[in-house]
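One-letter residues, chain by chain:
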Amino acid sequence: MKKLTIHILLLLNSLLLSAQNPEIRGKITDAVNNEPIAFANIIVAGTQIGATTDIDGNFTIKGVSPGYINLQASYIGYKPVISADILVVNNNVPYIEITMEPLNQVLDEVVVVADPFEKLEEAPLSMQSIRVKEIENNPGSNRDISRVIQSFPGVGSTPAFRNDVIIRGGGPSENRFFLDGVEIPVLNHFATQGASGGPVGIINADFIQSVDFYSGSFQADKYNALSGILDFKQKEGSKDKTNIQLAVGASEAAFTIDGPAGTKTDYIFSVRRSYLQFLFSAIGLPFLPTFNDYQFKLKTDFDTKNRLTIISLGSLDKLKLNTGIDNPDESQEYILSQTPVNNQWSYTIGAVYNRFFNSGFHTFVVSRNVLNNEFYKYPDNDESQNKNFDYNSTEAENKFRYELTMRKKGVKYNFSLGTETAKYYNKTFQELFIDDSLVKLNYTTDLDIIKYGASGQASGRIFNNRLLITFGLRFDGNTYNSNMSNPLNQFSPRISFSYNITESIFLNLGSGRYYQMPAYTTLGFRNNNDKLVNEDDTEYIGVSHYNIGIEKRFAKPILVSFEVFYKDYFQYPIDLLTGASLANQGADYSSVAGDAPVISTGKGRATGFEILNRFNLNKFTLLASYTYVRSLFTNIEGEYIPSSWDSKHLLTITSSKELGKNWRAGLKWRFVGGLPYTPYDLETSALVEAWDAIGQPYLDYSQLNELRFNPFHQLDIRIDKNFFFNKWALMLYLDIQNLYNFQNKGQDYIIREKNPDGSYKTINNGTEYILKSVENTSGTVLPTVGVMIKI
């Protein structure tokens with residue numbers, strides 16, 4: 001017993017004893033040709049701790065304090081650079097690769113220092129870099145990047161606890177996402193097909209090194225987006241040892257492992273599983289979601305000239321109804337009546353091969369992604385009846401892209417060629433009440449499309465490096481119909497300028513035209529005569545961007561900017577059944593977006609301005625943004641109507657402060673102006689035949705978005721405490737959403753009145769239900785405790 005006690009005490013001592021010399025290892029290379037940079041200086045930002053790279057560009061820094069740090073690298077003839085955020089713990093040796101851009105020319109008597117807000121040459125405006133620490137510590141976001149970006153200018157949000165990415169008045173279907181150069185069409189669990197939103201993000205924050213967020217001025221090699229691009233870069237796996245992280249958050253548990261796989265290869269892998277179904281069942285919510293996901297990255301550096309990266313992520317989601325609730329209340333009854341069962345799975349897998357040469361590199365990208373989506377609904381959830389909604393679809397894409405990136409005489413060039421094959425399958429049975437009669441839509445689509453595109457872009461500086469000019473061209477096409485097959489019809493020029501008025505003031509201008517293919521749900525829509533209804537007239541959706549802005553750097557870590565934007569949409573599909581633009585769709589939990597007959601004559605405009613104040617000090621951060629935006633799209637009569645994203649005012653203040661002894665506190669307050677909404681058509685909704693077809697009320701599209709909700713605002717706070725031990729680390733956080741319990745008033749629920757025996761009341765010889773309006777108020781104080789363990 002004494003020996004056992006001694007062994008336990010020794011084990012506890014080894015676990016709890018703080019280490020004295022945490023390390024960081026890495027490599028510095030030339031961003032153009034991947035050659036190692038020898039004898040470069042590198043220090044931990046804000047300290048005198050540092051090192052010098054060896055002949056192979058490798059470095060080791062010892063004696064670093066645990067926590068988040070940044071590295072600053074400098075070398076003659078190269079632009080100084082600040083690394084992404086790095087989490088240092090005692091038992092882990094993080095590995096980071098830093099690339100440095102050559103200076104165009106030697107600048108006499110000018111000291112060039114690292115800029116924490118430096119933007120890419122290809123995107124000098126309408127772009128923000130998001131760091132890991134901002135993701136990890138963002139209050140109310142639960143480490144979900146789709147919610148983190150709601151702190152940034154131009155990004156709208158809704159009080160519906162969804163991750164819809166709404167940028168500068170554009171809908172959630174107008175964005176694209178890239179992970180280490182591979183497009184990932186599905187960003188969220190329970191994703192709305194034909195859009196991008198969902199309640200929970202798929203990407204594990206443990207993988208993220210940085211995120212570049214574009215709300216305009218897209219690079220020419222980025223494609224098929226109208227409003228926004230999110231470009232994720234993942235961390236490297238450890239080169240020295242295997243590391244394990246366990247995490248328990250608001251909705252899921254996660255396991256992450258990374259480490260070396262030989263001398264030239266490293267990996268990182270994670271799996272997550274939710275436990276929301278148990279929590280929701282315990283508190284009596286009417287739906288029970290379960291989600292699972294995986295993610296991995298494998299990278300091999302064969303030598304300094306050849307690199308292969310393989311990435312993959314996937315999801316498995318199931319939403320069933322909690323029909324076992326005894327005596328459901330009116331709100332539960334409404335949700336049960338209109339929510340279908342949903343089963344969804346998706347995956348993306350891709351390989352990126354880089355071949356470097358003296359003045360640049362070749363990039364080859366091969367990938368495949370699949371989304372399978374199933375919805376079904378029984379009338380009143382009675383499985384003894386026939387389904388009134390049965391939807392099953394699969395979207396599968398196989399993609400190849402080649403890019404050439406090089407630098408010649410101070411000008412950076414990028415050229416790309418890409419093609420993909422797409423297969424869309426859809427089997428739909430749906431009851432609809434159209435023009436005072438019941439219609440049973442029953443069709444099967446099996447659609448094959450080939451897509452192709454090419455781009456070129458050049459960026460360079462003139463006037464003694466004070467003026468940066470970026471010019472790009474892009475062409476896209478596909479084989480769906482003759483309108484879209486000619487790439488010249490989708491000619492996309494873009495140009496931007498950034499002028500250094502002084503060393504701390506920048507004037508930025510940009511303009512570009514962008515195209516996006518309509519959703520597969522629109523292209524594959526058929527009528528009961530098996531005709532592709534939208535085949536003849538559908539065109540690419542287009543938008544022209546015009547942006548002008550000014551930035552002022554009061555100090556290197558303090559930025560203030562003002563930017564005006566104007567977006568002019570054309571060829572936007574309009575739903576022929578409702579007369580409304582498809583721009584209003586995409587934020588519904590229980591439907592797909594765009595599955596309707598359309599005409600591509602819609603127009604739209606989104607205008608406004610943004611103000612951003614950003615502090616990135618060593619122990620204090622602040623991100624304060626205000627956006628004024630108007631978003632209007634035409635209906636079938638050509639009238640401009642406020643869109644579902646016309647919030648007018650967006651104000652967000654996000655801040656965090658390190659308090660010492662590994663404590664950190666943060667807050668986020670956001671204000672979203674009232675969004676427009678469409679009232680119900682109660683006369684149609686009351687018809688028994690109409691209600692039974694869809695199990696919910698109908699909207700009155702003759703009054704499209706004529707009403708407006710009250711503004712929404714919310715305060716979230718977060719407190720973090722980290723414990724760094726010798727062989728492990730423990731990270732805890734308390735996150736409280738909606739601290740002052742703001743109550744949001746949504747559109748009323750409409751339910752059917754019941755008789756004492758539980759049957760539904762009817763009038764007019766049983767042809768109409770008696771409907772009842774139920775107040776829809778949401779909002780609760782939501783505390784969350786998170787635990788992360790690094791071993």
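Going by the structure above, here's the rest.
Cut-offs and rules
- As a convention, each chain's residues are numbered from 1 in the sequence order in which they are written.
- Only residues with pLDDT of at least 70 get local features here, since the model is predicted, and only at 80 or more are side-chain atom pairs given and counted; chain-wide, interface and lining totals rely on the full set of residues.
- Excluding hydrogens and water, the side-chain figures rest on all heavy atoms present in the structure.
- Any two strands with at least two DSSP-identified bridges between them are counted as paired.
- Strands here are runs of E lasting at least two residues and helices are runs of H or I lasting at least four, both read from the DSSP assignment and numbered beginning at the N terminus.
- Fitted lines through C-alpha atoms serve as axes, helices being fitted only where they are in contact, and the angles separating the N-to-C directions of these axes extend from 0 to 180 degrees.
- Each residue's exposure class comes from its accessible area (1.4 Å probe, protein chains only) as a fraction of the maximum for that residue type: buried when under 20%, exposed when over 50%, partly exposed otherwise.
- As used throughout, the charge tally considers Lys and Arg to be positive and Asp and Glu to be negative, leaving His and the chain termini uncounted.
- Whenever Lys or Arg places a side-chain nitrogen within 4 Å of a carboxyl oxygen from Asp or Glu, that contact is recorded as a salt bridge.
- Here a polar contact is taken to be a pair of N or O atoms separated by no more than 3.5 Å, where protein atoms must pair a possible hydrogen donor with a possible acceptor and residues adjacent in sequence count only if both atoms sit in side chains.
- By definition in these notes, contact holds between two residues if any of their heavy atoms fall within 4.5 Å.
- Aromatic pairing here means that ring centres of Phe, Tyr or Trp (its six-membered ring) are within 6.5 Å. Orientation follows from the plane angle: under 30 degrees is stacked, over 60 is edge-to-face, and everything else is tilted.
- Placement of a charge over a ring requires the Lys NZ or Arg CZ to be within 6 Å of the ring centre, with the centre-to-atom vector within 35 degrees of the ring normal.
- Each patch is built from salt-bridge-free residues with over 30% relative accessible area, joining like charges within 9 Å and nonpolar side chains (Val, Leu, Ile, Met, Phe, Trp, Tyr) within 5 Å.
- Using a 1.4 Å probe, accessible areas were evaluated by the Shrake-Rupley method; residue-level cover was limited to the displayed protein chains.
- Within this scheme, the nonpolar core is defined by two criteria: the residues are buried Ala, Val, Leu, Ile, Met, Phe, Trp, Tyr or Cys, and they are joined through side-chain atoms within 4.5 Å.

Turning our eyes to something else, we now look at the sheet that holds strand β1 (residues 23-30). The strand order across the open sheet formed by three strands is β4-β1-β9, and the pairing between neighbours is mixed. The open sheet has two edge strands, β4 (58-62) and β9 (95-100), and neither has a second partner. Each neighbouring strand pair of the sheet contributes to a mean axis angle of 30°, computed without reference to strand direction. Across five bridges, β1 lies against β4 in antiparallel orientation. Bridge assignment links isoleucine 24 to a residue of β4, and that residue is isoleucine 61.

In this section: the side chain of lysine 668. Position of lysine 668 relative to the elements: it lies in strand β38 (residues 663-672). Here lysine 668 is buried and forms no salt bridge, its nearest opposite-charge partner aspartate 716 lying at an N-O distance of 4.6 Å. A polar side-chain atom of lysine 668 sits 3.1 Å from a polar atom in the side chain of serine 141. For lysine 668, the contacting residues outside a window of four places in its chain are Asn138, Pro139, Ser141, Arg147, Ser151, Thr652, Ile653, Thr654, Gln714, Leu715 and Asp716.

Read from one edge of the open sheet, five strands run β10-β17-β18-β13-β14, paired in mixed fashion. Looking at which strands have only one partner, the edges of the open sheet turn out to be β10 (127-131) and β14 (182-183). As judged from the five bridges shared by strand β13 (residues 175-179) and strand β18 (residues 228-234), these two strands associate in the parallel manner. Residue pairing in the sheet places asparagine 175 in a bridge with glycine 228 of β18.

Even without being glycine, asparagine 142 reaches a positive phi, approximately 55°. Within the secondary structure layout, asparagine 142 lies in the loop between α2 (132-136) and α3 (145-148). The phi angle at lysine 661 is positive, at roughly 55°, despite the residue not being glycine. When its relative accessible area of 75% is taken as the criterion, lysine 661 is described as exposed.

Attention now goes to the packing of aromatic side chains. Counted by the stated rule, this structure contains 31 aromatic pairs. Arranged with centres 6.2 Å apart and planes meeting at 10°, the rings of tyrosine 413 and phenylalanine 415 form a pair that is stacked. Using a relative accessible area of 26% as the deciding quantity, one classes tyrosine 413 as partly exposed. The exposure class of phenylalanine 415 is partly exposed, given its relative accessible area of 36%. Feature note: the residues Phe562, Phe609, Tyr626 and Tyr628 constitute an aromatic cluster, connected by ring pairs. Directly above the aromatic system of phenylalanine 178 lies the positively charged group of lysine 222, at a separation of 5.3 Å from the ring centroid. Between lysine 387 and the ring centre of tyrosine 376, over which it is positioned, the NZ or CZ distance is 4.5 Å.

Once that is clear, we can look at a nonpolar patch on the surface. A contiguous nonpolar patch, built from Ile462, Phe463, Tyr499, Ile501, Leu509, Ile548, Ile550, Phe562, Val564 and Ile611 and spanning about 800 Å² of accessible area, is present on the exposed surface. Of all elements in the fold, only β32 (541-555) and β33 (558-575) reach the threshold of two or more residues within the nonpolar patch. Here tyrosine 499 shows up in strand β30 (residues 492-500). A relative accessible area of 32% places tyrosine 499 in the partly exposed class.

This paragraph deals with the nonpolar core. The biggest cluster of nonpolar side chains holds 33 residues, and the ones touching the most others in it are Ile130, Ile135, Ile145, Ile203, Val211, Leu230 and Phe232. Of all the secondary-structure elements, those providing two or more residues to this core are α3, β13, β17 (208-214), β18, β23 (306-321) and β25 (360-377). Here this core gets three residues from one element, more than from any other, and that element is β17. Isoleucine 135 has contacts with Ile130, Arg143, Ile145, Val148, Ala205, Ile208 and Val211, leaving out every residue within four places of it along the chain. Ala123, Met127, Ala225 and Ile229 belong to the second-largest nonpolar core, a separate cluster that totals 19 residues.

The periodicity of an α-helix, 3.6 residues per turn, causes residues three or four positions apart to be oriented the same way. For helix α5 (residues 330-338), the tally of buried residues reaches seven of nine residues, placing the bulk of the element in the interior. Buried within α5 are the following residues: Gln332, Glu333, Tyr334, Ile335, Leu336, Ser337 and Gln338.

This part covers the pairing of strand β19 (residues 243-248). Residues Asn243, Gln245 and Ala247 line the buried face of β19, whereas the alternating positions Ile244, Leu246 and Val248 sit on a face that is not buried. Counted along the chain from β19 to the antiparallel partner strand β20 (residues 252-260), the turn is three residues long. Relative to strand β49 (residues 782-790), β19 runs antiparallel, the two being bridged by four bridges. Each bridged residue has a counterpart across the sheet, and for glutamine 245 the counterpart in β49 is lysine 790.

Another aspect to go through is the pattern of salt bridges. Counted by the stated rule, this structure contains 51 salt bridges. Of the charged contacts in the structure, one is a salt bridge between arginine 307 and aspartate 301, with a shortest N-O distance of 2.8 Å. Accessibility classification places arginine 307 together with aspartate 301 in one group, the buried group. Aspartate 476 serves as the salt-bridge partner of arginine 474, at 2.9 Å between the closest nitrogen and oxygen. Overall, arginine 474 belongs to the buried group, its relative accessible area being 6%. On the accessibility criterion, aspartate 476 (12% relative accessible area) is buried.

Our focus in this paragraph is the side chain of aspartate 317. Among the secondary structure elements, aspartate 317 is positioned in strand β23. We note that aspartate 317 is buried and unpaired, the nearest opposite charge coming from arginine 272 at a distance of 8.9 Å. Only 2.7 Å separates the side chain of aspartate 317 from the side chain of histidine 189, close enough to count as a polar contact. A polar contact is formed between the side chain of aspartate 317 and the backbone nitrogen of phenylalanine 190, at a distance of 2.9 Å. Setting aside its immediate chain neighbours within four residues, aspartate 317 contacts His189, Phe190, Thr290, Phe291, Asn292, Asn342, Asn343 and Gln344.

Right, let's talk about the pairing of strand β2 (residues 41-44) for a bit. Covered by surrounding structure in β2 are Ile42 and Val44 only, the residues Asn41 and Ile43 on the alternate face being uncovered. Two elements, β2 and strand β3 (residues 50-52), share three bridges in a ladder whose sense is antiparallel. Within the sheet, the bridge partner assigned to asparagine 41 lies in β3 and is threonine 52. Counted between consecutive antiparallel strands, the loop separating β2 from β3 contains five residues, among which glycine 46 sits at a positive phi close to 85°. As paired strands, β2 and strand β6 (residues 71-74) are joined by four bridges and run antiparallel to one another. Considered in β6, the bridge of valine 44 is made with leucine 71.

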